[in-house]
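Fold and contact review
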Amino acid sequence: MNYREILTDIYETIKNEENKGQVTSFIPELSGVNPEHFGVFFKTVNNDEFGFGSFNDKFSIQSIAKVASLSLAYKILGKRMWKRIGVEPSGTAFNSLVQLEADKGIPRNPFINAGAIVVCDILISQLDNPQQDFLSFMRYISDNPSIKFSPKIAKSEKSTGFRNIALCNFIKSFGNIKNDSEEVLDFYFNLCSIEMSCREISNCFLFLANQGRKVSDNKQIINKSRTKRINAIMQTCGLYDESGEFTFKVGLPGKSGIGGGILAIHPNKHTIVVWSPKLNSKGNSYRGMKFLELFTTKTSSIF
Ligand code: GLU
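What you are looking at is a predicted structure, and each value in this text was computed from that prediction instead of being measured. (Residues numbered from 1 in each chain as written. Predicted model: local features only at pLDDT ≥ 70, side-chain atom pairs only at ≥ 80, totals over all residues. Heavy atoms only, no water.)

Right, let's talk about the nonpolar core for a bit. Core analysis: the largest hydrophobic core is formed by 69 residues, its most contacted members being Phe-134, Met-138 and Phe-205. No other element matches helix α4 (residues 113-126), which puts nine residues into this core. Beyond its immediate sequence surroundings of up to four residues, Phe-205 is in contact with Ile-64, Val-67, Ala-68, Met-138, Leu-263, Ile-265 and Thr-271. Grouped together as the second largest cluster of nonpolar side chains are 23 residues, Leu-7, Phe-50, Leu-239 and Val-250 included. (Core = buried A, V, L, I, M, F, W, Y, C linked by side-chain atoms within 4.5 Å. Buried < 20%, exposed > 50% of the residue type's maximum accessible area, 1.4 Å probe, protein only. Helix = DSSP H or I, 4+ residues; strand = E, 2+ residues; numbered from the N terminus. Contact = heavy atoms within 4.5 Å.)

Written out as structure tokens, the structure reads:
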């Protein structure tokens, strides 16, 4: 399969089409991002790689970071995780409060904000220096010591993060947040603030396409069975309330962020990351969705 040719063709097609949607306005610091950025990076478990457009430019990865926090918490806690968080798609907005009341403070899955906040709480309980240890984990899995939080973006999100503050306190009222809410939220906002390029994200999460092993040194990051389950949660819950549609159109485990990035994993083959900041009405990158749909259609290589 000539991936370079297929990717080039799709990139050019989409670049020449209308770029619909809106850049996020949730986080003031992100609202000024140039909407015409468009980057793609593709990397196989055999180290073949191709990049297009703004693939080396860093952007705010937002919820894509939740794949890393879930991986670390799951690595540490194993199946005890699932006493605190479910594995079902939520069918509601990523920052919704409504289900939590009925579900008694157990978030539906680790990728909606409520679930990711509980993951931060778990990491705070388990790690000596939670934020630093989390960054070390991300740097290790990426072979990239430059990964860091963006205090500017974290502060900006905190200034308007009333819903997340409400979510955290609401969950705490059910006893499913064990640490101080302020500490948990600081970690959560920092986690979401990380800036990385398509290339860096693609390298970081390549272990999920490689049965849990880091490609550069073959070290097992998480075991095969847990890797399978993380991919499964990405498949069913990774694209907010458009996860079913993403599976229908693209068919791969994926995770999006409101910075306009989408990470997709093809187990045993490759990772592909698309970044284009304009979002559709469900909060997913308009061009990212289109790109990935065309990619798996043209390569016919889903299952
Ligand atoms: N930091 C964002 C929030 O909590 C994450 C949104 C996202 O990318 O899903 O609202």
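So that's the structure; there's more coming.
Below, the discussion takes up the state of the cysteines. Applying the stated criterion across every chain, the model contains zero disulfides. Cysteine Cys-198 shares no disulfide, and the gap to the nearest cysteine sulfur, in Cys-204, comes to 13 Å. Take Cys-204: its relative accessible area is 0%, and that puts it in the buried class. (Disulfide = S-S within 2.5 Å.)

Following the sequence through the fold, Asn-268 ends up in the loop between β6 (261-266) and β7 (270-275). A residue is classified by how much of its surface remains accessible, and Asn-268, at 48% relative accessible area, is partly exposed. Distance in space between the C-alpha atoms of Asn-268 and Leu-206 is 9.6 Å, their sequence separation being 62 residues. Those residues within four positions of Asn-268 in sequence are excluded, and the remaining contacts are Val-45, Ala-209 and Gln-211.

The next subject is the site of the ligand. Taken together, the residues surrounding the ligand are Gln-62, Ser-63, Phe-94, Asn-113, Glu-157, Asn-164, Tyr-188, Cys-192, Tyr-240, Gly-257 and Ile-258. Between an oxygen atom of the ligand and a side-chain N or O atom of Ser-63, the distance comes to 2.4 Å. If the ligand stood free it would expose 300 Å²; the protein chains cover 97% of that surface. Residue composition of the shell around the ligand, grouped by class: five nonpolar, five polar and one charged. (Near = heavy atom within 4 Å. Polar contact = N/O pair within 3.5 Å; in protein donor to acceptor, adjacent residues only side chain to side chain. Areas by Shrake-Rupley, 256 points an atom, 1.4 Å probe, with all protein chains shown as cover. Nonpolar A, V, L, I, M, F, W, Y, C, P; charged D, E, K, R; others polar.)

Time to look at the pairing of strand β1 (residues 39-44). Burial runs high along β1: six of the six residues are buried. Here β1 folds back onto strand β2 (residues 49-53) in antiparallel fashion, the turn holding four residues, of which Asn-47 has a positive phi close to 75°. In this structure, β1 lies alongside β7, joined through six bridges in antiparallel fashion. Across the sheet, residue Phe-42 finds its bridge partner in β7, namely Ile-272. (Pairing = 2+ DSSP bridges.)

Moving on, we come to the sheet that holds β1. Judged by pairing direction, the sheet is antiparallel, and its five strands sit side by side in the order β2-β1-β7-β6-β5 without closing on themselves. Looking at strand neighbours, the two that pair on one side only are β2 and β5 (254-256), the edges of this open sheet. Sheet twist, expressed as the mean angle between neighbouring strand axes with direction ignored, is 5°. Its contacts with the sheet put helix α1 (residues 3-15) on β1, β2 and β7, and the angle it makes with β2 is roughly 15°. (Axes fitted to C-alpha atoms, helices over the stretch in contact; angles between N-to-C directions.)

Turning to the packing of aromatic side chains, a few remarks are in order. Summed over the entire model, instances satisfying the criterion amount to 13 aromatic pairs. Seen from their ring centres, Tyr-11 and Phe-38 are 4.5 Å apart, and the 15° between their planes marks the pair as stacked. You can see Tyr-11 sitting in helix α1 and its partner Phe-38 sitting in the loop between α1 and β1, a full 27 residues away along the chain. The same class applies to Tyr-11 as to Phe-38, namely buried. Arranged with centres 5.8 Å apart and planes meeting at 65°, the rings of Phe-42 and Phe-295 form a pair that is edge-to-face. Here the residue Phe-42 occupies a position in strand β1, and Phe-295 occupies one in helix α12 (residues 286-299), the gap between them amounting to 253 residues. For the pair shown, Phe-42 and Phe-295 are each scored as buried. An aromatic cluster is defined as three or more aromatic residues linked by ring pairs; in this entry it consists of Tyr-3, Phe-42, Phe-50 and Phe-295. Here Lys-255 stacks its cationic end above the ring of Phe-111, 5.5 Å away from the centre of that ring. (Phe/Tyr/Trp six-rings, centres within 6.5 Å; stacked < 30°, edge-to-face > 60°. Lys NZ or Arg CZ within 6 Å of the ring centre and 35° of its normal.)

This part takes up unusual backbone geometry. Positive phi values are uncommon outside glycine, yet Asn-47 reaches one of about 75°. Mapped onto the elements of the fold, Asn-47 is located in the loop between β1 and β2.

This part covers the pattern of salt bridges. The final tally for this structure, using the stated rule, is 15 salt bridges. One salt bridge connects Lys-158 with Asp-186, and the closest N-O pair in it is separated by 3.2 Å. Taken together, the residues Lys-158 in helix α6 (residues 151-160) and Asp-186 in helix α8 (residues 181-193) connect sequence positions 28 residues apart. A residue is classified by how much of its surface remains accessible, and Asp-186, at 28% relative accessible area, is partly exposed. (Salt bridge = Lys/Arg side-chain N within 4 Å of Asp/Glu carboxyl O.)

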